[in-house]
Every structure is written in structure tokens, then in C-alpha cells.
Amino acid sequence: LVEDNHVNQVVAQSLLDGIGLSTALACDGKEALKVLESSPEELPFHLVLMDCQMPEMDGFETTKRIRAGEAGDQVANVPIIAMTANAMKGDKERCLQSGMSDYLAKPINPEDLETALRKWSGDHQDLPEVITSIQSERSSSQTWDVNGALKRVRGKKDRLLTLISMFIDDMPARLEALQHLHQSDDIEGVEKMAHAIKGVAGNISAEVMMDAAAELEQAVRQGDLGDAEAQIKAINSAYEQAKLLLEEYRVNN
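Notes on the structure in this doc start here.

A look at the environment of Asn109
Move 1: When you line up the elements, Asn109 lands in the loop between β3 (102–105) and α5 (110–120).
Move 2: On a C-alpha basis, the gap between Asn109 and Asn203 in space is 9.5 Å, while along the polypeptide they are 94 residues apart.

Considering empty space enclosed by the protein
Move 1: Evaluation of the coordinates by the stated rule reveals 1 cavity of 30 Å³ or more.
Move 2: Roughly 40 Å³ of volume is contained in the largest cavity.
Move 3: Taken together, Glu3, Asn8, Val11, Ala12, Leu15, Met83, Lys106, Ile108 and Asn203 make up the lining of the largest cavity.
Move 4: Ranked by residues supplied to the lining of the largest cavity, first place goes to helix α1 (residues 6–19) with 4 residues.
Move 5: Per-class residue counts for the lining of the largest cavity are 5 nonpolar, 2 polar and 2 charged.

Some words on helix α10 (residues 228–252)
Move 1: The end-to-end C-alpha distance of α10, which contains 25 residues, comes to 36 Å, matching closely the 36 Å that a straight helix rising 1.5 Å per residue would cover.
Move 2: Along α10, the residues classified as buried are Ala228, Gln231, Ile232, Ile235, Ala238, Tyr239, Ala242, Leu246 and Tyr249.
Move 3: Buried residues in α10 make contact with α6 (146–152), α7 (157–183), α8 (187–203) and α9 (207–221).

Some remarks on unusual backbone geometry
Move 1: One non-glycine residue, Asp185, adopts positive backbone phi at about 60°.
Move 2: Counting through the fold element by element, Asp185 comes out in the loop between α7 and α8.
Move 3: For Asp185, a relative accessible area of 61% gives the class exposed.

Quick look at the packing of helix α3 (residues 59–67) against helix α4 (residues 91–98)
Move 1: As a packed pair, α3 and α4 sit with axes 8 Å apart at the nearest point and diverge in direction by 25°. With respect to their mutual orientation, α3 and α4 come out roughly parallel. Contacts between α3 and α4 involve Phe60, Thr63, Lys64 and Arg67 on the former and, on the latter, Arg94, Cys95 and Ser98.
Move 2: Per-class residue counts for the contact of α3 with α4 are 2 nonpolar, 2 polar and 3 charged.

Some details on the packing of aromatic side chains
Move 1: Tallied over the full model, the rule gives 2 aromatic pairs.
Move 2: Aromatic pair Trp144 and Tyr249: ring centres 5.4 Å apart, planes at 80°, arrangement edge-to-face. Of this pair, Trp144 sits in the loop between β4 (133–134) and α6 while Tyr249 is found in helix α10, placing the two residues 105 residues apart along the sequence. Comparing Trp144 with Tyr249 shows no difference in burial state: the two are buried.
Move 3: Relative to Tyr239, the ring of Phe167 has its centre 5.8 Å away and its plane inclined at 50°; by these criteria the two rings are tilted. Here the residue Phe167 occupies a position in helix α7, and Tyr239 occupies one in helix α10, the gap between them amounting to 72 residues.

Things to note about the pattern of salt bridges
Any two side chains of opposite charge can pair, given that their charged atoms come close.
Move 1: Evaluated as defined, the whole model comprises 10 salt bridges.
Move 2: Between Glu114 and Arg118 there is a salt bridge whose closest N-O contact spans 3.8 Å. Of this pair, Glu114 and Arg118 both sit in helix α5, 4 residues apart, roughly one helical turn.
Move 3: You can call Glu114 partly exposed: its relative accessible area is 26%.
Move 4: With a closest N to O distance of 3.1 Å, Arg221 and Glu191 form a salt bridge. Of this pair, Arg221 sits in helix α9 while Glu191 sits in helix α8, and the two are 30 residues apart along the sequence.
Move 5: Taken together, the shared-partner salt bridges connect Glu61, Arg65 and Glu70 into one network.

Brief notes about the nonpolar core
Move 1: Phe167, Ile197, Met209, Leu216 and Ile235 are the most contacted members of the largest nonpolar core, which totals 53 residues.
Move 2: Breaking this core down by element, the ones donating at least two residues are α1, β2 (80–84), α5, α6, α7, α8, α9 and α10.
Move 3: With 11 residues, the top contributor of residues to this core is α7.
Move 4: Among all residues touching Met209, those that are not within four sequence positions of it are Phe167, Met171, Leu175, Ile197, Ala201, Ile235, Ala238 and Tyr239.

Each value, and the rule that gives it
- Residues numbered from 1 in each chain as written.
- Predicted model: local features only at pLDDT ≥ 70, side-chain atom pairs only at ≥ 80, totals over all residues.
- Heavy atoms only, no water.
- Helix = DSSP H or I, 4+ residues; strand = E, 2+ residues; numbered from the N terminus.
- 1 Å grid on protein atoms, 1.4 Å probe; cavity = no way out; pocket = protein on both sides within 12 Å on 5 of 7 lines; lining within 4 Å.
- Points joined across faces, edges and corners; volume = space filled by probe spheres on them.
- Nonpolar A, V, L, I, M, F, W, Y, C, P; charged D, E, K, R; others polar.
- Expected span 1.5 Å × (residues − 1).
- Buried < 20%, exposed > 50% of the residue type's maximum accessible area, 1.4 Å probe, protein only.
- Contact = heavy atoms within 4.5 Å.
- Axes fitted to C-alpha atoms, helices over the stretch in contact; angles between N-to-C directions.
- Parallel < 35°, antiparallel > 145°, perpendicular 65-115°, else oblique.
- Phe/Tyr/Trp six-rings, centres within 6.5 Å; stacked < 30°, edge-to-face > 60°.
- Salt bridge = Lys/Arg side-chain N within 4 Å of Asp/Glu carboxyl O.
- Core = buried A, V, L, I, M, F, W, Y, C linked by side-chain atoms within 4.5 Å.

Have a look at this one:
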């Protein structure tokens, strides 16, 4: 599992533990190459879940280096499943071009993850050059979907409470950084921070907040900054509303 965000790490590992799979964690691309390279031949990695947006070295560059044999010939053809909160045009093609085997949209749906794992857990030689975008449809967004959040942690309330605490502790700094980046006219920074906020909000099922961050990310990527201030306010408002529900859940559980 290659993922730099703590909340996303807990969610993904919870899903994998629930399936009965053992995992090794790398927090960025450089660390992933080291972990893969040091893996013993008698206990090889069978699959890599790769976040796309990471500091130091993103998932696309990491995948290219794995395919080039920089992590060792024994893992050069290992199945690599992209995990990304992006749903922009061209993302699937970029995953394919970098050498990834499949594509999962964040927040990760447990059934979609199991389907992908079953698909790629067998013989992984001669991977087909096909990427399937698997994304669950949502009829309407909720401030906080508690059932969706519990589903991602396999119904384990203690893990959900840990995620809630991490979310409430970490998010104010992210929101403050987003505002500062906007005021500094750091367009690339705004896009990256909106992307990160979208992913974290999605993994805890704060859907309205996730959607608001997605709108900002897409607008900035397309060069439309006219509503950025209003969109940032919408993200903050969605956070405050979600926080009330999260704190209520934490008090009652």
C-alpha cells in the first residue's frame, strides 16, 4: 500500500485487513521502491495499491520506475492498482501510460476493491493494457454518511472513532493552508490541497465537503478562479457541519 495520508492509510488497511490480506505500507514513491526492492524472493509482493498524488515522487513516476526494474526484476510486472480521488478526463489514460494495471476511484468502495483484488491476485504476467474505472454512483450527497464510513472500516467502531479524531485534529490545518495558498495566488498549491481535502473527506464519507473540494479542484485545474473564494467558504462550511455530526457520534460511542 503506497499512500501518504494517514486517514487514507487507516481506511485502506482496514479494508485489506478485513479481507484477510497482509500489507506493507510505504508513505511515498521513494519509500515504495525501497520496500519492493528489499522484499525477499520467497515472500514476494503480489499486488501494489498506488496512490497517484504524493509528494517527493507521485504514483505515476513510481510506477514507471517499477516497470523499468528499479525495484528489482522480481516485481517489475507486479499488478499496480491506481487509487485516485481524481475523476478528470485523461486520468485513466495517464494511469495506463505510466504502466498501471487498473484504476480505483476514491473513496474506495469495499466491493470494488475486492473485485479488483480478485481480478489481479492470480498470475500477474503479461498484464492486459486495460484500465477499468470503477466508481460507485451516489444519488445525493450527505453531510456525513455514517453507514458509508462504517462500511469502509468493516463495521469496526473503534477504527471509525480513530478516523474521526484524526479528521477533526488534522483538517483545520489543511483548511488554513488552503486559504493561505489562495491568498498567495499559489494556483498549483490550491489544486493539490483541494485534492488532498477531497480524498480525506471522501474516505470518512463527509460527502458534501468532498463534493465542494472536488468542485474547487476542477475549477482551478481548468483555470476558472472566479468562484474560488466562495468554493473555499463552502468547503469550510461543509467541514463545520460534518464536524458537529462527527463529534456527536464520538460522544455517543
